[in-house]
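Results of the structural survey
The lines below spell out each chain.
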Amino acid sequence: MNTKLIGNYVGKILLILSVSMVPAFMIALFAGEETAAWSFFATIALSAAASVLLTRIRPKTKSLYSREGFVIVALSWVSLSILGALPFYLSSSIPRFVDALFETVSGFTTTGATILPEVENLPMSILYWRSFTHLLGGMGVLVFLLALAPQDGAGAPMHILRAESAGPTVGKLAPKLRRTARILYLIYIGMTLLELVVLLIGGMPFFDALTTALGTAGTGGFSIRNSSIADYSPFCQSAVAVFMFLFAINFNMYYCILLGDIRSVWKNSELRAYLLIVLIATGAITISTLTRFASVGEAIHHSFFQVSSIVSTTGFATLDYNGWPEFAHAILIILMFIGGCAGSTGGGMKVSRIVILIKSLGYEMDKLIHPHRVTSLRLDGRNIVADGTIRQIHVYFFFYFFILIISTLLLSLEGFSFKTNFSAVLACLNNIGPGMDLVGPACNYSFFSIPAKLLLILNMLIGRLEIFPILLLFAPSTWKRRS
Amino acid sequence: MKITITGGGTVGCALAERLSSEGHDIIVVDVNPAVLSSLPDTLDVMTVEGNSASLEVLKSAGVADADLMIATANADEINILSCIAAKKLGCPHTIARVRNPEYTQQLMFLKEELGLSLSVNPELAAAQEIYRLIQFPSFLKRDSFNKGRVELVEFALSAGSVLVGKKLSEVSAVIGPRALICAVERGEEVFIPKGSFELAADDKITVTAARKELAALIKRLELVKQKIHSVLIIGGSRIAEYLTEELLRSGVNVKIIDRDLGRCEFLSQKFPNALIIHGDAARRGFLESEGIAATDAVITLTGLDEENLIISKYATYVGVPKVITKMKRTEFSHLFENRDIGSLVCPKELTVNEITRYVRAMANSGPGSLRALHRIVDGKAEALEFTAQPAEYIGVPISQLHIKPEMLIACIWRRNSLIIPKGDDLIQVGDILIVVTSADRTVSELQDIFEKNPLI
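**Quick word on the overall build of chain A**
A tally of regular secondary structure across chain A gives 22 helices and two strands. Over its C-alpha atoms chain A spans a radius of gyration of 22 Å, differing by no more than 12% from the 23 Å that the globule rule assigns to 483 residues. Looking at chain A as a whole, 59% of its 483 residues qualify as buried. Counting contacts in chain A only where the partners sit at least 6 residues apart, residues at least 24 apart contribute 71% of the total. Of the roughly 19700 Å² that chain A leaves accessible, carbon and sulfur atoms contribute 69%. Charge separation in chain A, taken as the distance between the mean sites of 34 positive and 24 negative side-chain charges, equals 16 Å.

**Some remarks on the nonpolar core**
In this structure, A:Trp129, A:Tyr274, A:Leu335 and A:Tyr445 are the most contacted members of the largest nonpolar core, which totals 158 residues. Counting residues in hydrophobic clusters, the runner-up holds 28 residues, among them B:Ile239, B:Leu243, B:Leu267 and B:Leu350.

**Things to note about the domain arrangement of chain B**
Each domain of chain B was delimited in the assignment, giving domain 1 (2-120), domain 2 (131-220), domain 3 (229-320) and domain 4 (361-455). The C-alpha-based centres of domain 3 of chain B and domain 4 of chain B are spaced at 41 Å.

**As for the pattern of salt bridges**
Residues and elements named next belong to chain B. Across all of its chains, the model carries 32 salt bridges over all chains by this definition. Among the ionic pairs, Glu 151 bridges to Arg 142, the shortest N-O distance being 2.8 Å. Assessed through its relative accessible area of 1%, Arg 142 is described here as buried. As a salt-bridge pair, Glu 241 and Arg 263 come within 2.7 Å of each other at their nearest N and O atoms. Here Arg 263 lies in helix α11 (residues 261-270) and Glu 241 lies in helix α10 (residues 238-249), a separation of 22 residues in the sequence.

**Describing the interface of chain B and chain A**
In this complex, chain B contributes 13 residues to the contact, which on the side of chain A involves 13 residues. Counting the surface lost from both chain B and chain A, the interface buries some 1100 Å², and carbon and sulfur atoms represent 48% of this. The interface formed by chain B and chain A holds two salt bridges in total. Between A:Arg162 and B:Asp41 there is a salt bridge, with the nearest N and O atoms lying 2.9 Å from each other.

**Considerations on a nonpolar patch on the surface**
There is a patch of nonpolar side chains on the surface, built from A:Phe398, A:Phe402, A:Ile406, A:Leu410 and A:Leu413 and spanning about 530 Å² of accessible area. Within the element layout of this structure, A:Leu413 appears in the loop between α18 (387-411) and α19 (418-429).

**Looking at the side chain of A:Thr43**
Residue and element names in this part refer to chain A. Along the chain, Thr 43 turns up in helix α3 (residues 34-55). Judged by its relative accessible area of 1%, Thr 43 is buried. Once you skip the residues sitting within four places of it in the chain, Thr 43 turns out to touch Met 21, Leu 83, Leu 86, Pro 87 and Leu 90.

**Topic: helix α5 (residues 97-108) of chain A**
All names here are of chain A. Compared with the 16 Å implied by 1.5 Å per residue over 12 residues, the 16 Å span of α5 between its first and last C-alpha is a close match. Burial within α5 is extensive, with 11 of its 12 residues counted as buried. Listing the buried residues of α5 in full gives Val 98, Asp 99, Ala 100, Leu 101, Phe 102, Glu 103, Thr 104, Val 105, Ser 106, Gly 107 and Phe 108. Close packing links the buried residues of α5 with α1 (3-20), α4 (66-90), α6 (124-139) and α20 (450-464). Positive phi appears at Thr 110, one or two residues downstream of α5, with a value of about 55°.

**Thoughts on the state of the cysteines**
This model, assessed by the stated rule, comprises zero disulfides over all chains. Of all cysteine sulfurs in the structure, the one in A:Cys443 sits closest to A:Cys428, which takes part in no disulfide; the separation is 14 Å. Counting only cysteine sulfurs, B:Cys346 is the nearest neighbor of B:Cys13, a cysteine outside any disulfide, at a range of 14 Å.

**Observations regarding the sheet that holds strand β11 (residues 204-210) of chain B**
Each strand in a sheet pairs with its neighbour through backbone hydrogen bonds, running either in the same direction (parallel) or in the opposite one (antiparallel). Residue and element names in this part refer to chain B. With respect to topology, five strands assemble into an open sheet ordered β7-β8-β11-β9-β10, the strand pairing being antiparallel. One side of each edge strand has no neighbouring strand; the edge strands of this open sheet are β7 (141-145) and β10 (189-191). Adjacent strand axes in the sheet meet at a mean angle of 20° when their direction is disregarded. Examined bridge by bridge, strand β9 (residues 179-186) and β11 share six bridges and lie antiparallel to one another. From the neighbouring strand, Val 184 faces β11, where its bridge partner is Ile 205.

**Looking at the pairing of strand β13 (residues 253-258) of chain B**
Residues and elements named next belong to chain B. For β13, the buried fraction is high: five of the six residues fall into the buried class. Judged from the five bridges that link them, strand β12 (residues 230-234) and β13 form a sheet pairing that is parallel. Following the sheet pairing, Val 231 is matched in β13 by Val 254. Of the pairings in the sheet, the one linking β13 to strand β14 (residues 275-278) comprises four bridges and is parallel in character. The partner of Lys 255 across the bridge, within β14, is Leu 275.

**Description of the environment of A:Ile358**
By the element assignment, A:Ile358 lies in helix α17 (residues 351-369). Sequence spacing of A:Ile358 and A:Val98 is 260 residues, and the spatial spacing of their C-alpha atoms is 40 Å.

**Here's the deal with the environment of B:Asp65**
Residues and elements named next belong to chain B. Here Asp 65 shows up in the loop between α4 (55-60) and β4 (68-71). In this structure Asp 65 comes out as exposed when scored by relative accessible area, which is 55%. For the pair formed by Asp 65 and Thr 351, sequence separation is 286 residues and the distance between their alpha carbons is 24 Å.

**Description of the confidence of the model for chain B**
With 99% of its residues at a pLDDT of 70 or more, chain B shows a mean pLDDT of 87. Under the prediction, the complex receives an ipTM of 0.81, its pTM being 0.85.

**Some details on the pairing of β4(B)**
Side-chain positions along a regular strand alternate between the two faces of the sheet. All names here are of chain B. Neither face of β4 is exposed, since Leu 68 and Ile 70 on one face and Met 69 and Ala 71 on the opposite face are all buried. Inspection of the sheet shows strand β1 (residues 2-6) paired to β4 by four bridges, in the parallel sense. Within β4, the position partnered with Ile 5 by the bridge is Ile 70. Across four bridges, β4 lies against strand β5 (residues 93-97) in parallel orientation. Looking at the pairing, Ala 71 lines up with Ala 96 of β5.

Criteria and thresholds
Residues numbered from 1 in each chain as written. Chains lettered and ligands numbered in written order. Predicted model: local features only at pLDDT ≥ 70, side-chain atom pairs only at ≥ 80, totals over all residues. Heavy atoms only, no water. Helix = DSSP H or I, 4+ residues; strand = E, 2+ residues; numbered from the N terminus. Rg over C-alpha atoms; globule rule 2.2 N^0.38 Å. Buried < 20%, exposed > 50% of the residue type's maximum accessible area, 1.4 Å probe, protein only. Contact = heavy atoms within 4.5 Å. Areas by Shrake-Rupley, 256 points an atom, 1.4 Å probe, with all protein chains shown as cover. Lys, Arg positive; Asp, Glu negative; His and termini not counted. Charge placed at Lys NZ, Arg CZ, Asp CG, Glu CD. Core = buried A, V, L, I, M, F, W, Y, C linked by side-chain atoms within 4.5 Å. Domains from an automatic or database assignment. Salt bridge = Lys/Arg side-chain N within 4 Å of Asp/Glu carboxyl O. Buried area = accessible area lost by both parts, 1.4 Å probe. Patch = residues over 30% accessible without salt bridge, like charges linked within 9 Å, V, L, I, M, F, W, Y side chains within 5 Å. Expected span 1.5 Å × (residues − 1). Disulfide = S-S within 2.5 Å. Pairing = 2+ DSSP bridges. Axes fitted to C-alpha atoms, helices over the stretch in contact; angles between N-to-C directions. pLDDT = per-residue confidence, 0-100.

What follows is the structure, encoded as structure tokens:
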């Protein structure tokens, strides 16, 4: 294990953290929020100092293998979460550190689950920082580092990209990793700015539009209103719904569109499945909730918003769906499992994994009838999925449910309803935010005990980094000298 | 530059590694997904799976926008076909690896029709390198510049050498004013030495000199000088085929041992004047019976690196004066001492050097671009050849020029004679310069060896 290199990388990440906190610090200064300004200043100084110390470590070799890749990603996220929580804690906006940590991890992992019953009286700079964590965590802070860092020699940082990005397989968009990371970030920031402009046109105040755009981009879901998105105009709500939907599509598709390669977009199995899922879910929920709304148009509007919000794992809400019929709840729970597309900022199992799982089901059924049949699993009409990838997805599926079941079991010790516990774990593991019942869109997570909050924090990190980096961080074999 | 490499074999991968580290955008195409799956983990490249001669695959590998395509797939025919297709798709430069000796002539003839910018033949290059070493057996390595007029030779200092213990500023009295020590390898380290550098036994030194001075140099340095009359080649590979042709032409006796009967028959038909022996050269008794100890040179050219190393070591052990070992892969070559296995020749390395030179010259088609590139001292330094063009640094004494550290103007070829530059020498337009640099800098034109502001 190349611990020096890992330290060096974590140091660079902390530098990015301290630089990205500067705008929040400026806002605090201009808004005259003295305690917030001090807390940001202290965090920036601490993080910069830690960064200077860590980056002074000169690794003997720059060789980086998959083990180091996983550990770098996991440790970066853990240190990011702890330092990112300091402004909340130091400014006493969130008096308990565990709560501050929960809020920050929820931000970075783009979960959007909050422990704050009341957000509207928080200082502006704190609200801004809370939303900004979504942007940084959405595409991944290490991907941002790869976009900035000069390429030193080999392409081994590919292990980092793979460990931090969402989806079963990670491909490059350009021969150089740095360029790939830059393209991803350009699309990401471009779309965020576009949403900001659309929301401003819709008449939303600037600060609201900015934080909502940041929350949508990372498919996070922190809002600066207690009522989430419900108080904004229907136009703004629809715009947010559409952008949530867009941010959960694989960013490679946007790159293909930019290159004029419409055919690949059209042929993409995952995108087709995603569209179909959204269409069916919206239709089914519209029909089941039709009687509760004044008009069909309104029913479609709210159904699409909620579907888009849950499938993209954002977690904004225009109303409290706790009152909806059980059928609608069941559909939303299924959507929570599925999540967004691979290579997007969305969480969940990812549509492509579901597509491959279902296809491999058919493939195995076929094998039962014709034991000697030789076939291969195809995606996008031509790409053959390697057996290794299918196996990895099966393993992923198993681990996912294993963690889900164990977490639900542990959370049950708290004594709340099964629906609360199960949906809380589901909402955290899939980085959605609101669950059902006591953790529904109109509620928050503040009532859980400290161990329960720590469990949910772990779930959020596991979900965002797709299980393995965090698991490997705790596996003894990762740290063994000879293995 | 955007470069597509077809074929992810040893040469393809080595090229991808070198060119990507020089900052180019590399896409590697191969039919075998197993070859490609691990590649992006170690190199910053993109991969495309498929037959490199298929238009569809080439298109998806972005050949249409690429600046250069290098075809290094296994089959020559596929490489040629890939290059034709790439040219049609609009790729301005194409390089093909073509290895079959039967195509060599055809290629000269058809180069334009096939749209090839360059064709490389690693085996032929290796055979030429070996032949050059046979001509001057005292040297471990020999690279030539300016059409063979200037040479860069490497040799090890034995404990009793006249140079041991001498400072570099004192050696010109020994090696003469027309030769210069431009690189010294000591253990794992490489120095581009200054005047105060002191030479020690076991140092491997690289000297630049004019071709016509080589014989005199050997005499002054009291190196063992023995003309080679008989050569034993182990392994009747393609390199052996090219080499035998050259050797027979210059009147050297050639004996080839190969364990494949069919190959032996083919060689005996092609070279009736050579002695072709069918047998297993890895058997000690067999080698002894074929008189290994009595030959002037042993060259191991089998397809197995391990076998080559063992046989070469044995040849040195029985006292063969000149041993040359071919190796496919060189990652571990530093574990072996030259005194055990003699000179090392790596066809892959030669090809990669040739193509790297082409790529660097392409990236810089302006004046003063690269004419030749050789990697010296175990790949840790580069020797480069340039023609001086009108620029700021022309006509200024060298002592007044800001040359980057770890760079050395080794010699200047002007009006048919070699100048070892001193501080008061000037660079003139039309001069041919040989520059030695450490290999971790990419130099593609003469300007690159000077600081941003070349004048002091």
